[in-house]
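The residues making up each chain are set out below.
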Amino acid sequence: MHRLADLCQDKRAPARHSNGALGYLRTFAANLRDFSTEEAERPVIEVRGLTKRYGDKVAVDDLSFSVKPGVVTGFLGPNGSGKSTTMRVIMGLDRPNTGTATINGRSYHDLDWPLREVGALLEARAIHPGRSARAHLWMLAQTNQIARSRVDEVLDIVGLSEVAGQPAGKFSLGMGQRLGIAASLLGDPGVLLYDEPVNGLDAEGIRWVRNLLTGLARQGRTLFVSSHLMSEMAQMADDVVVIGRGRLITEAPMDGLLESSQQSFVRVRSPKIDALVPILEARGARTSRAPDGSVNVSGMSEATVGDLAFEAGVALHELAPNNASLEEVFMELTEESVEYHGAGGESR
Ligand SMILES: Nc1ncnc2c1ncn2[C@@H]1O[C@H](COP(=O)(O)OP(=O)(O)OP(=O)(O)O)[C@@H](O)[C@H]1O
Ligand SMILES: [Mg+2]
C-alpha cells in the first residue's frame, strides 16, 4: 500500500525514489499488485446484528452492513438515526447491547496497534485547548510508537505546519477539523472513519477533504464517511449505507441507488416507439409517454433499453438517462424514518 505522504505530497514523491521515474513506476506497479481484486471484494468493516440502547431509547437497532476497501462508503441517515453511535461502537468507544462490529475480523479492543490499523475523526473531539497541535499529535503518536517525524508529515498533509505551535483551543472550526484529520492519519492506517468531516469547512476546505478522502480510497484504503451534505456525498461516495431510526434501509453502490430511484428514468425517442414499449414493459420497465412523443422509461437502465431495442431491430433517436439526485433518493428512502421534522412537516 502507498504511504500517505506519497498521495498527499505528489510533488515530493519522485524525490523518494533514488532511481528516478523508473523506480517510481516500479513502486506504483507493485502497489497496484498489492491491491488485488480478491482484496477489493473482502469487507473490512463488518457490523452484525448491532443494537445499542441508551435507557429506553434504541439508538441502533439490529443493524448489519459491511464496508469494503478501495472505495469511499457514505453513511447516510436523518438526524438521530444512529450514525455517530454506530461509528463510536466500531471505534470501541461505546459498548453495544448485542451484536458485533469488527475491523479486519477483530473488534477495536483486540487490535494490537489501533492507530496503525484504524484512524477516525468522530463528532466529539477531546483536544486540550491549551496544548499545541504538534504537542497533541506527538502525545497520540507516543501511545502507538509512531515516529516523531510522522507528526510533521501529517501536519504538512493537512496544511497546518505553520500554526502547529499554536494552542489548539485558538483554532477555527476548519483548522480543528484539519487537526482531527491529521490525528486520524498518524498511524498511516488502512481503515478510516470520518463522522461529518466537512462540517464547518468552507468551499475550498470541502474540496480539499473530498480530494484527500477519495485519493486515500484509491490507494486501497477503507473509507467510511458520514455527511449531511448530499451533493458532497454524491461526488465523494462510491457505495452508500443508509439507515433510519437505527435500522438499515439499504446498502448499495451509489450508481445503482440513483438508477433504482422511482424518480430516475431514461428518455427514449424512436420512430418505432409503439413496437418498443411493450417489449420494455414485458421486461418489467414502467413507461409513460411525454407530450413531445418521447417515452420515459423507469426501472430499467439505459444499457438494457438500448440492448432490447437493438435485439428488436428498433432504431433509437434518443436514449438519455435522467438520474434522481442523491438528495431526492435520500428523501424517498428515509421519508418514514425522519424523527425530527421542521415547521410544516408532520411530527412523529
Ligand atoms: N450518550 C447518549 N445518551 C443518550 N442518548 C443518546 C446518546 N448518544 C446518542 N443518543 C441518542 O441515540 C440516537 C442516535 O444518535 P446519533 O448521535 O447516533 O445519531 P446520528 O445519526 O449521528 O445523528 P446526527 O445526524 O444528528 O449526527 C439519538 O436519538 C440520540 O439522542
Ligand atoms: Mg451524528
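**Looking at the confidence of the model for the protein chain**
Move 1: With 84% of its residues at a pLDDT of 70 or more, the protein chain has an overall mean of 86.
Move 2: When the elements of the protein chain are averaged for pLDDT, helix H1 (residues 4-8) gives the smallest value, 45, and strand S1 (residues 45-54) the largest, 98.
Move 3: Contacts for the low-pLDDT stretch residues 1-20, under 50 throughout, to residues beyond four places or in other chains number 29 contacts.

**Description of the site of ligand 1**
Move 1: The environment of ligand 1 is formed by Tyr54, Lys57, Ala59, Gly77, Asn79, Gly80, Ser81, Gly82, Lys83, Ser84 and Thr85.
Move 2: Of all the elements in the fold, those that place two or more residues in the shell around ligand 1 are strand S2 (57-67) and helix H4 (83-90).
Move 3: Partitioned by chemical class, the residues of the shell around ligand 1 number two nonpolar, seven polar and two charged.

**Regarding the sheet that holds strand S12 (residues 295-298)**
Move 1: A sheet is described by the order of its strands in space; here four strands give the open sequence S11-S12-S10-S13, paired in antiparallel fashion. The strands lining the two open edges of the sheet, one partner per strand, are strand S11 (286-289) and strand S13 (318-322). Averaged over all adjacent pairs, the angle separating strand axes in this sheet is 25°, with direction ignored.
Move 2: Across the sheet, helix H13 (residues 302-311) lies against strand S10 (265-269), S12 and S13, angled at about 160° from S13, the strand it touches most.

Thresholds, definitions, all that
- Residues numbered from 1 in each chain as written.
- Chains lettered and ligands numbered in written order.
- Predicted model: local features only at pLDDT ≥ 70, side-chain atom pairs only at ≥ 80, totals over all residues.
- pLDDT = per-residue confidence, 0-100.
- Helix = DSSP H or I, 4+ residues; strand = E, 2+ residues; numbered from the N terminus.
- Contact = placed C-beta atoms within 7 Å.
- Near = placed C-beta within 6 Å.
- Nonpolar A, V, L, I, M, F, W, Y, C, P; charged D, E, K, R; others polar.
- Pairing = 2+ DSSP bridges.
- Axes fitted to C-alpha atoms, helices over the stretch in contact; angles between N-to-C directions.

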